[in-house]
Number of protein chains: 2
Amino acid sequence: MNDPLLRLRAEFPSLEDGCHLISHSLGAMPRGARTGLEQYADEWSGRSVRAWEEGWWELPRTVGDELALLLGAAPGTVVLQPNATLAGAVFLSALDFDAPRDGLVTTSLDFPSLLYMYRGLADRGARLVEVPSEDGLTIDTGRLLDAIDERTRVVTISHVLFRSAFVMDVAAVAERAREVGAMVVLDLYQSAGTLPLDLAGLGVDAAFGGCLKWLCGGPGNAYLYVRPDRIPELRPRLTGWQAHADPFAFDGESFRPTAGIERFLTGTPPVSALRAARAGIANVAAAGLAAIREKSTRQTTRILDRCDAEGWDVRSPREAARRGGSFVLAPPDFQNVAARLIERGILIDQRPEAGIRIGPHFYNTDAEVDRALDAIAEIVAERSV
Amino acid sequence: MNDPLLRLRAEFPSLEDGCHLISHSLGAMPRGARTGLEQYADEWSGRSVRAWEEGWWELPRTVGDELALLLGAAPGTVVLQPNATLAGAVFLSALDFDAPRDGLVTTSLDFPSLLYMYRGLADRGARLVEVPSEDGLTIDTGRLLDAIDERTRVVTISHVLFRSAFVMDVAAVAERAREVGAMVVLDLYQSAGTLPLDLAGLGVDAAFGGCLKWLCGGPGNAYLYVRPDRIPELRPRLTGWQAHADPFAFDGESFRPTAGIERFLTGTPPVSALRAARAGIANVAAAGLAAIREKSTRQTTRILDRCDAEGWDVRSPREAARRGGSFVLAPPDFQNVAARLIERGILIDQRPEAGIRIGPHFYNTDAEVDRALDAIAEIVAERSV
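Residues numbered from 1 in each chain as written. Chains lettered and ligands numbered in written order. Predicted model: local features only at pLDDT ≥ 70, side-chain atom pairs only at ≥ 80, totals over all residues. Heavy atoms only, no water.

1. Quick look at the overall build of chain A
Phase 1: Along chain A, the regular secondary structure elements total eleven helices and 13 strands.
Phase 2: In terms of C-alpha radius of gyration, chain A reaches 21 Å, essentially the compact-globule figure of 21 Å for 385 residues.
Phase 3: Dimensions of chain A, computed from C-alpha atoms along their principal axes, come out at roughly 75 × 55 × 30 Å.
Phase 4: Counting only residues that meet the buried cut, chain A has 66% of its 385 residues in that class.
Phase 5: At a minimum sequence separation of 6, the contacts of chain A that also span at least 24 residues come to 70%.
Phase 6: Total accessible area on chain A is roughly 12,700 Å²; 49% of this is exposed by carbon and sulfur atoms. (Helix = DSSP H or I, 4+ residues; strand = E, 2+ residues; numbered from the N terminus. Rg over C-alpha atoms; globule rule 2.2 N^0.38 Å. Buried < 20%, exposed > 50% of the residue type's maximum accessible area, 1.4 Å probe, protein only. Contact = heavy atoms within 4.5 Å. Areas by Shrake-Rupley, 256 points an atom, 1.4 Å probe, with all protein chains shown as cover.)

See below:
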């Protein structure tokens, strides 16, 4: 069939060497990432310290503005951060968790790294409310809404659950939070780059994620979005000189944060990672999120149909609209099947108590998806002999 | 004269294109840093997600062990961190600041990024004691010692002050802190890579810094050292999945920190920056810190002698043993002189209310130092006509 997104496949030369279906974990490297790293080395060696004023210092904001377009956010509302856990920690450090409004509501299926950090906040006075999952794959929206009340300071949840690709009902959460005066923070790690997003329209207070996966930026490129009207209201306690209005005054006496989104930065940024991030963002933008989503839905539906035909357990939502970019399936003995697939050079992964995760992206062919599914069928057949 | 360290100069090819005397701000790029970045790109594209188990995940510890040798620290006591402000924040997040032992003692000449972060802690209950400077260049040791008492939880100070290269009397501080039961944390940014260090011998509880400057690692490579016996006692609240004993179990229910130094890590590390850092560490190790210090002292004394001959104000300690790797001098109208030097391709910098900072490193020739000094003399002479 005609698949216009495959025009971008040539930008990801390593795809020809294997079967890369793991963009939910690590996006493929675009050609331009290597160029970005070379640019960084050229700047460091050729411009030395002058590189800071020629672009390095502003890079967390520059890349943030490029990324904002993919998040449905305005320029000046996104900055890059070293990793998503720290991005979340910086935002939450601006909030007061004083009783009675001391609640931080999250779910047991949020990414563990975040849950560990939230527990650190609980140890400093936040009242942690962790909404459990009934099936280990989804969160009941009603149960989550019931946990949000007048004592909730902030609801911080994944947009798409990493374990099952279940899409949370963010609109309902945002509405409930507004009713009771709580903030909403979204973890976009499993949605940005594969789902069209409209952060401005959703009205959430903040969001964070990383470019590592669907945005093809490699590690070291997380990000934080803050709603424009919240920016001047909030003052992170986890801060540093990149947040200062005049950092090169080296003013030790008083801390004057910038008026802008940079007030959510900390210390010196990892420039090499930021230089590598831009190509992935540009490629996703060139593909277009609507087209990416349409193709993703088609390919994950292809996986669903095969699961039904083979009788494999489905661990992602059957309804396409409730499903993110990856698809989780559990053929018999899935952990061993996953190991065998990787031995064959088919890059997927598995998550305990969930299943094999397959994450086709805009650069993958249907033939690659079929290759993985055929291999699973073969391995399952061999094992059941 | 015979200068055996110049054998390593060929490893820093960009030195031939200018006059790089700014290693106190950004170390020159070693040839191997570019190779490290290429290795990262090859791993990302060629190994994809398998790179995590083939070295990426462990990299903060691997590079930490390489760095430990230069800090006089044992293997397993150092991990890389995204930036020094966050490194300090992670360590301090493990401490309780409960009255009466609620004091965090620092100095007004510590690096502003850290001071901003300490004020964030003060806003959460720490009692911040900022020992002032009488001359804007040094801290009186007696005054600092007087500020440390039974109510002090932690003393966190620079080893070498960034503004003047003044070496703090760490041994006296450590002794006083021990007497009153306070911890000591050192900011090594301006000492590691240019001063021989013996963290184990000093007995400080923790230390942080970055590879950006004297360690020639570029941005994104800060580090944290924790004294071995403190590691199991402390549990950072600012944490993430890299601190977990079994991160790939994705255990959202319970957080079990590693027994080792990795418990001071947070989220996913900036791999490109870590791959770039190793060459600088290797070059500094190849030069040897004793030889680096000897040459540094000789070259900064050369600057001091010229200042005296020209009648320029000296803003660094005259006594070599109290002076770090950079030298701060204030010829008339130094801010404009600094701007003119940079126009001529002589890379130095200036700090407000201090002077021009010149930072020769093991790869610099005496001729380069003289070129900068001659240029200053010329510019000063022109301006005074």
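2. With respect to the packing of aromatic side chains
Within a pair of aromatic rings, the relevant descriptors are the distance that separates the centres and the angle that separates the planes.
Phase 1: Evaluation of the coordinates by the stated rule reveals 36 aromatic pairs over all chains.
Phase 2: Ring plane angle 75° and centroid distance 4.9 Å describe the contact between phenylalanine 111 of chain A and tryptophan 241 of chain B, whose orientation is recorded as edge-to-face. With phenylalanine 111 of chain A in the loop between β3 (103–107) and α4 (112–122) and tryptophan 241 of chain B in the loop between β8 (222–226) and α8 (271–287), the pair connects residues from two separate chains.
Phase 3: Ring centres of tryptophan 241 of chain B and phenylalanine 248 of chain B lie 5.5 Å apart, and the angle between their planes is 70°; this geometry places the pair in the edge-to-face category.
Phase 4: Here a set of aromatic residues connected by ring pairs shows up, and it is made of Tyr40, Trp44, Trp52, Trp56, Trp57, Trp241, Phe248 and Phe250 of chain A together with Phe111 and Phe162 of chain B.
Phase 5: Here the guanidinium or amino end of lysine 213 of chain A rests over the ring plane of tyrosine 189 of chain A, the centre of that ring lying 5.0 Å away. (Phe/Tyr/Trp six-rings, centres within 6.5 Å; stacked < 30°, edge-to-face > 60°. Lys NZ or Arg CZ within 6 Å of the ring centre and 35° of its normal.)

3. Observations regarding the relation of the copies chain A and chain B
Phase 1: When chain A is fitted to chain B, the residual RMSD is 0.0 Å, and the transformation amounts to a turn of 180° plus an axial shift of 0.0 Å. The superposition operator between the copies reduces to a two-fold rotation axis.
Phase 2: A shared interface surface links the copies, since 100% of the contact residues of chain A are contact residues in chain B too. (Least-squares fit on C-alpha atoms with pLDDT ≥ 70 in both.)

4. Examining the pairing of strand β8 (residues 222–226) of chain A
All names here are of chain A.
Phase 1: In terms of burial, β8 is largely enclosed, as five of its five residues are buried.
Phase 2: Because side chains alternate across β8, one face comprises the buried residues Ala222, Leu224 and Val226, and the other comprises Tyr223 and Tyr225, equally buried.
Phase 3: Two elements, strand β2 (residues 78–81) and β8, share four bridges in a ladder whose sense is antiparallel. Residue pairing in the sheet places glutamine 81 in a bridge with alanine 222 of β8.
Phase 4: Where strand β7 (residues 206–210) meets β8, five bridges bridge the pair, whose relative direction is antiparallel. Following the sheet pairing, alanine 207 is matched in β8 by tyrosine 225. (Pairing = 2+ DSSP bridges.)

5. Topic: the pattern of salt bridges
All names here are of chain A.
Phase 1: Taken as a whole, this structure holds 71 salt bridges over all chains when the rule is applied.
Phase 2: Linking aspartate 205 and arginine 227 is a salt bridge whose minimum nitrogen-to-oxygen distance equals 3.3 Å. Placement of the pair is aspartate 205 in the loop between α7 (199–202) and β7 and arginine 227 in the loop between β8 and α8 (271–287), with a sequence separation of 22 residues. The two residues aspartate 205 and arginine 227 agree in class, both being buried.
Phase 3: Where arginine 306 meets glutamate 310, a salt bridge forms, and the shortest distance between an N and an O atom there is 2.9 Å. Within this pair, arginine 306 and its partner glutamate 310 are both found in helix α9 (residues 289–310), separated by four residues, close to a single helical turn.
Phase 4: Taking the relative accessible area as the measure of exposure, glutamate 310 reaches 36% and is therefore partly exposed.
Phase 5: Within the structure, one salt-bridge network assembled from shared partners comprises Asp3, Lys295, Arg298, Arg302, Asp366 and Asp370. (Salt bridge = Lys/Arg side-chain N within 4 Å of Asp/Glu carboxyl O.)

6. A short note on the domain arrangement of chain A
Residues and elements named next belong to chain A.
Phase 1: By the assigned domains, chain A splits into domain 1 (4–29 + 288–383) and domain 2 (32–285).
Phase 2: Spacing between the C-alpha centres of domain 1 and domain 2 amounts to 27 Å.
Phase 3: Contacts between the two partners involve 36 residues from domain 1, matched on the other side by 26 residues from domain 2.
Phase 4: For the pair domain 1 and domain 2, the summed buried surface comes to about 2,500 Å²; carbon and sulfur atoms form 59% of the total.
Phase 5: The largest share of the area that domain 1 buries against domain 2 comes from Met29, Leu289 and Arg322, three residues that together contribute 24% of it.
Phase 6: Linking domain 1 with domain 2 are zero salt bridges. (Domains from an automatic or database assignment. Buried area = accessible area lost by both parts, 1.4 Å probe.)

7. Some remarks on the interface of chain A and chain B
Phase 1: Contact with chain A, which involves 76 residues of that partner, is made by 76 residues of chain B.
Phase 2: It is Trp44, Tyr116 and Phe250 of chain A that lose the most area in chain A upon contact with chain B, and together they represent 14% of the buried surface on that side.
Phase 3: Counting every contact that joins chain A to chain B gives four salt bridges.
Phase 4: When the shortest N-O distance is used, the salt bridge between aspartate 123 of chain A and arginine 237 of chain B registers 2.6 Å.
Phase 5: Our count for the chain A to chain B interface comes out at 30 residue pairs in polar contact (both at pLDDT 80 or more). (Polar contact = N/O pair within 3.5 Å; in protein donor to acceptor, adjacent residues only side chain to side chain.)

8. Focus: the nonpolar core
Phase 1: Counting residues in each nonpolar core, the largest one holds 222 residues, and the members touching the most others are Leu71, Phe91 and Phe264 of chain A together with Leu71, Phe91 and Phe264 of chain B.
Phase 2: In this view, phenylalanine 264 of chain B contacts Val79, Gln81, Val90, Phe91, Leu224, Val226, Ile231, Leu234 and Pro236 of chain B; residues no more than four positions away in its chain are not counted. (Core = buried A, V, L, I, M, F, W, Y, C linked by side-chain atoms within 4.5 Å.)

9. Concerning helix α1 (residues 31–47) of chain A
Residue pairs three or four apart in sequence face the same way in an α-helix, which turns once every 3.6 residues.
Phase 1: Given a rise of 1.5 Å per residue, 17 residues ought to cover 24 Å, and the 24 Å separating the end C-alpha atoms of α1 of chain A matches this to within 8%.
Phase 2: Within the sequence span of α1 of chain A, burial applies to Ala33, Gly36, Leu37, Tyr40, Ala41, Glu43, Trp44 and Ser45 of chain A.
Phase 3: Buried residues along α1 of chain A sit in contact with α8 of chain A together with α1 (31–47) and α8 of chain B.
Phase 4: Serine 48 of chain A sits one or two residues past α1 of chain A and shows a positive phi near 50°. (Expected span 1.5 Å × (residues − 1).)

10. Remarks on helix α6 (residues 170–180) of chain A
Residue and element names in this part refer to chain A.
Phase 1: The set of residues buried in α6 consists of Val170, Ala172, Val173, Ala174, Ala177 and Val180.
Phase 2: Looking at the packing, one finds that the buried side of α6 touches α5 (141–146), β5 (152–158), β6 (183–187) and α7.
Phase 3: Two residues or fewer past α6, glycine 181 is found with a positive phi of approximately 80°.

11. Observations regarding the sheet that holds β7 of chain A
The strands making up a sheet associate through hydrogen bonds between their backbones, and the pairing can be parallel or antiparallel.
Residue and element names in this part refer to chain A.
Phase 1: Strand order in the open sheet made by the seven strands is β2-β8-β7-β6-β5-β3-β4, with mixed pairing throughout. Of all the strands in the sheet, the pair left with one neighbour each is β2 and β4 (127–131). On average, adjacent strands in this sheet sit at an angle of 20° to one another, irrespective of strand direction. (Axes fitted to C-alpha atoms, helices over the stretch in contact; angles between N-to-C directions.)

12. Observations concerning the side chain of threonine 258 of chain A
All names here are of chain A.
Phase 1: For threonine 258, the position within the fold is in the loop between β8 and α8.
Phase 2: Classification of threonine 258 as buried rests on a relative accessible area of 13%.
Phase 3: Dropping the residues within four chain positions of it, threonine 258 is found in contact with Ala243, His244, Ala245 and Arg263.

13. Side note on the sheet that holds strand β6 (residues 183–187) of chain B
All names here are of chain B.
Phase 1: Strand order in the open sheet made by the seven strands is β2-β8-β7-β6-β5-β3-β4, with mixed pairing throughout. With partners counted over all chains shown, the strands left at the sheet margins are β2 (78–81) and β4 (127–131), one partner each. Here the average twist between neighbouring strands, direction ignored, is 20°.
Phase 2: The strands touched by helix α2 (residues 59–71) within the sheet are β2 and β8, with β2 carrying the most contacts at an inclination of about 120°.

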